[in-house]
Amino acid sequence: MHLGVADPMRDCEYSQISTRSSTPMESPHKKRSARRKWQAFPGRNKFYCDGRIMMARQTGVFYLTLVLIVVTSGLFFAFDCPFLASSLTPAIPVIGGVLFFFVLGTLLRTSFSDPGVLPRATPDEAADLERQIDMANGSSSGGYRPPPRTREVIINGQTVKLKYCFTCKIFRPPRASHCSLCDNCVERFDHHCPWVGNCVGKRNYRFFYMFILSLSFLTVFIFAFVITHIILRSHRSGFLNALKDMGLSGFHTYLISSNQTTNEDIKGSWSSKRGKDNYNPYSYGNIVTNCCAALCGPLPPSLLDRRGFVQPDAPQAAPPTNGITMYGSTQSQNHMCDQDQCIQSTKFVLQAAATPLLQGEPPTPPTSTPNLSCEPDLLPPHQEGAPAHHHFLTPDEAPSPPGMLPCSGPPLAHSHTLPFYSPASQDSLHEDSVRGLVKLSSV
Amino acid sequence: MAETHSLQDIRQQAAVAAKVFIQRDYTNGTVCQFQTKFPSELESRIDKQQFEETVRTLNNLYAEAEKLGGQSYLEGCMACLTAYTIFLCMETHYEKVLKKISKYVQEQNDKIYAPRGLLLTDPIERGLRVVEVIIFEDRSTGSGR
């Protein structure tokens, strides 16, 4: 309905006059299934809350307006108001709050209300008007649109032309205009405001005006008190220190003015908090000179000579490695490996030699080795003389098939070495220990 | 409400012969006024004086609704100060007058127009653009003077 605040009682009255239904039984049923008028509205508007809220189709910018106002005010209340309330007066947040809610209220009222849309003519009206115009123009042949239809009215001595709206099929009242964005004729049309997401017309012009007025007041209010805040803070700790709170550029302006680096500031190297006599020895004494030195001082050249050519015979710095070349390391590793093997095999021999003396029975062979049942006569080959070794391979010959070798090794070696060696490496170690034994015995 | 039903009954029984539209009169600006010129289609049905009286009364009522004066200013300021929440409780002056107008239209219909086979439509239902007068086919009962 036209009249702003929704009043279901009033809706009932009008529909009683205009309803054509005769039986009382039918009318409640019809009301339940009948659509609301906003659902059948021909213009390009969006409706919310079952027709109570009316906005234009493009509402994105309205949400932006809302966000900007709420976020800015929110930041003001969060960061400036506590300080101002405690150091000046608590009336500041209160007045700010009242202003803020007034701004929001008028904004919402402007955005959500009907700007003064003229409903389109009913078909009967349109037909009647057409007839009147045809009569006035004389009988014009159909098939082409007649020249723009206007009516002239004299208002307070001024001649005003009333235009005919082809979309709404009415003669527009004076000062009304058709909004192409909303596709409606609006009374006393001011403009279509995207910030507010609605047309501004006869019914919401006062709210629009109060919105922009109160918003200006709020802006000035916030700006003034933010400046006050900074001034108060700078009175307490110096203007330059107050600059620190004003964002990144403010912070670096402060640094340049005091000839400090970020590092020094964070560490408080030259801060007076460290000691009364602590001061920045690099500062030129006044802000202007410090700024000029940082911003307009001579620009030193690069020390790197990046595009110069490398000289081949020049003594070079250590290459970018750990200093150990691959070749060298493998050599030493290999060397180390041989030594290691020698040591290991020596160890086996000694252990093996010690075993029959220390333990009465032959040590249990490991489960991984295939030939567990070694013949006892294989045990003491190292105690025997040289000829016994000819059963085995000489160190110079190729190693025997793995089947034979473990027989000599495991009872000797594994009694002591079992916990140390994994089954996978035992074959090679057996080989080594045998070689070691052979070497020793051949001496 | 009984009268309303009887009007609807008339509507059900009678066929609509024609509709006459009284357009807005803008000579005084944008205030809501209707032309008092007597339409020719009604000549056979109703007295010219009577009709013009009806339209003039309507015009006066609308003028009262839109009047700028002490009361409207007071209402506007009060509403502004209460952030328009006051309208959750009470109606605006304009709405009050519109109710008065709709009562007047109903009363006129009952007393004068229905007996003559005519029906006035409240202008608010036509967006305050026109006063719609429905002319029913003249049946035997209730013929106009």
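Residues numbered from 1 in each chain as written. Chains lettered and ligands numbered in written order. Predicted model: local features only at pLDDT ≥ 70, side-chain atom pairs only at ≥ 80, totals over all residues. Heavy atoms only, no water.

The name that an unreviewed UniProt entry assigns to chain B is Golgin subfamily A member 7, with the source organism given as Conger conger. Note on chain B: under the UniProt heading Subcellular location (unreviewed entry), the record states "Golgi apparatus membrane". (UniProt positions renumbered as here; feature names shortened; annotations may be inferred.)

If you look chain A up in an unreviewed UniProt entry, it shows as Palmitoyltransferase from Conger conger. UniProt, in its Catalytic activity (unreviewed entry) section for chain A, records the words "L-cysteinyl-[protein] + hexadecanoyl-CoA = S-hexadecanoyl-L-cysteinyl-[protein] + CoA".

S.K.: Would you mind showing me how to read the overall build of chain B here?
M.R.: Across its full length, chain B holds four helices and three strands. Counting across all 145 residues of chain B, residues that qualify as buried make up 49%. Put simply, 63% of the contacts in chain B that link residues at least 6 apart link residues at least 24 apart. For chain B, the accessible surface area stands at approximately 7,400 Å², while carbon and sulfur atoms represent 54% of it. (Helix = DSSP H or I, 4+ residues; strand = E, 2+ residues; numbered from the N terminus. Buried < 20%, exposed > 50% of the residue type's maximum accessible area, 1.4 Å probe, protein only. Contact = heavy atoms within 4.5 Å. Areas by Shrake-Rupley, 256 points an atom, 1.4 Å probe, with all protein chains shown as cover.)

S.K.: How should the confidence of the model for chain B be read in this particular structure?
M.R.: Detailed conclusions should not be drawn from predicted coordinates in areas where pLDDT is low. All names here are of chain B. Mean pLDDT over chain B: 85, with 86% of residues reaching 70 or higher. Mean pLDDT values for the elements of chain B range from 53 in helix 1 (residues 2-13) up to 94 in helix 2 (residues 48-65). Confidence over residues 141-145 falls short of pLDDT 50; this stretch has twelve contacts with residues more than four positions distant or in other chains. (pLDDT = per-residue confidence, 0-100.)

S.K.: So what exactly am I meant to see when it comes to the nonpolar core here?
M.R.: In summary, soluble globular proteins display a tendency toward joint burial of nonpolar side chains. Counting 27 residues, the largest nonpolar core has B:Leu42, B:Ile46, B:Phe51, B:Ile101 and B:Val133 as its most contacted members. Elements that contribute at least two residues to this core include exactly strand 1 (16-23), helix 2, helix 4 (93-113), strand 2 (118-121) and strand 3 (130-136) of chain B. The dominant element in this core, judged by the number of residues it contributes, is helix 4 of chain B, at seven residues. Setting aside residues up to four positions removed in sequence, B:Ile101 forms contacts with B:Leu58, B:Leu61, B:Tyr62 and B:Asp122. Among the nonpolar cores identified, the runner-up in size contains 23 residues, and A:Phe62, A:Cys81, A:Val196 and A:Leu218 belong to it. (Core = buried A, V, L, I, M, F, W, Y, C linked by side-chain atoms within 4.5 Å.)

S.K.: Help me understand unusual backbone geometry, please; the structure alone is not making it clear to me.
M.R.: Working note: non-glycine residues mostly have negative phi, and peptide bonds are mostly trans. Of note, A:Asn259 is a non-glycine position whose phi angle comes to about 55 degrees, a positive value. A residue is classified by how much of its surface remains accessible, and A:Asn259, at 25% relative accessible area, is partly exposed. The phi angle at B:Leu128 is positive, at roughly 55 degrees, despite the residue not being glycine. Secondary-structure assignment places B:Leu128 in the loop between strand 2 and strand 3. You can call B:Leu128 buried: its relative accessible area is 14%.

S.K.: Explain the sheet that holds strand 5 (residues 158-165) of chain A to me, please; I cannot follow it from the model alone.
M.R.: Each strand in a sheet pairs with its neighbour through backbone hydrogen bonds, running either in the same direction (parallel) or in the opposite one (antiparallel). All names here are of chain A. With antiparallel pairing, the three strands of this open sheet are ordered in space as 4-5-6. In this open sheet, the two strands that pair with only one neighbour each are strand 4 (150-155) and strand 6 (170-171). Relative to strand 6, strand 5 runs antiparallel, the two sharing two bridges. The partner of Tyr 164 across the bridge, within strand 6, is Phe 171. (Pairing = 2+ DSSP bridges.)

S.K.: What should I look at first to understand the pattern of salt bridges in this one?
M.R.: Enumeration over the complete set of coordinates arrives at 13 salt bridges over all chains. Across the pair B:Lys19 and B:Glu132 runs a salt bridge, and its minimum N-O distance is 3.6 Å. Residue B:Lys19 is located in strand 1, and its partner B:Glu132 is located in strand 3; the two are separated by 113 residues in the primary sequence. What makes B:Lys19 partly exposed here is its relative accessible area of 22%. Overall, B:Glu132 belongs to the buried group, its relative accessible area being 1%. Each of A:Asp124, B:Lys19, B:Arg126 and B:Glu132 takes part in salt bridges that share partners, so that together they form one network. (Salt bridge = Lys/Arg side-chain N within 4 Å of Asp/Glu carboxyl O.)

S.K.: Just checking my understanding: could you explain a nonpolar patch on the surface for this structure?
M.R.: A grouping of A:Val61, A:Leu64, A:Leu68 and A:Trp195 is seen on the molecular surface, where their side chains present a nonpolar patch of about 370 Å² in accessible area. Mapped onto the secondary structure, A:Leu64 falls in helix 3 (residues 60-87). (Patch = residues over 30% accessible without salt bridge, like charges linked within 9 Å, V, L, I, M, F, W, Y side chains within 5 Å.)

S.K.: Is there a simple way to explain helix 3 (residues 70-81) of chain B in this structure?
M.R.: Because each turn of an α-helix spans 3.6 residues, side chains separated by three or four positions end up pointing in the same direction. Residue and element names in this part refer to chain B. Taking 1.5 Å as the rise per residue, helix 3 with twelve residues should run 16 Å; its terminal C-alpha atoms sit 17 Å apart, in good agreement. Within the sequence span of helix 3, burial applies to Glu 75, Ala 79 and Cys 80. Along the axis of helix 3, the buried positions cluster into a sector of 130 degrees, meaning they face one direction only. Across helix 3 from its buried face, at more than 90 degrees, point the exposed residues Gly 70, Tyr 73, Leu 74 and Leu 81. Once helix 3 finishes, Ala 83 follows within two positions and takes phi at roughly 55 degrees, a positive value. (Expected span 1.5 Å × (residues − 1). Arc of directions from axis to C-beta.)

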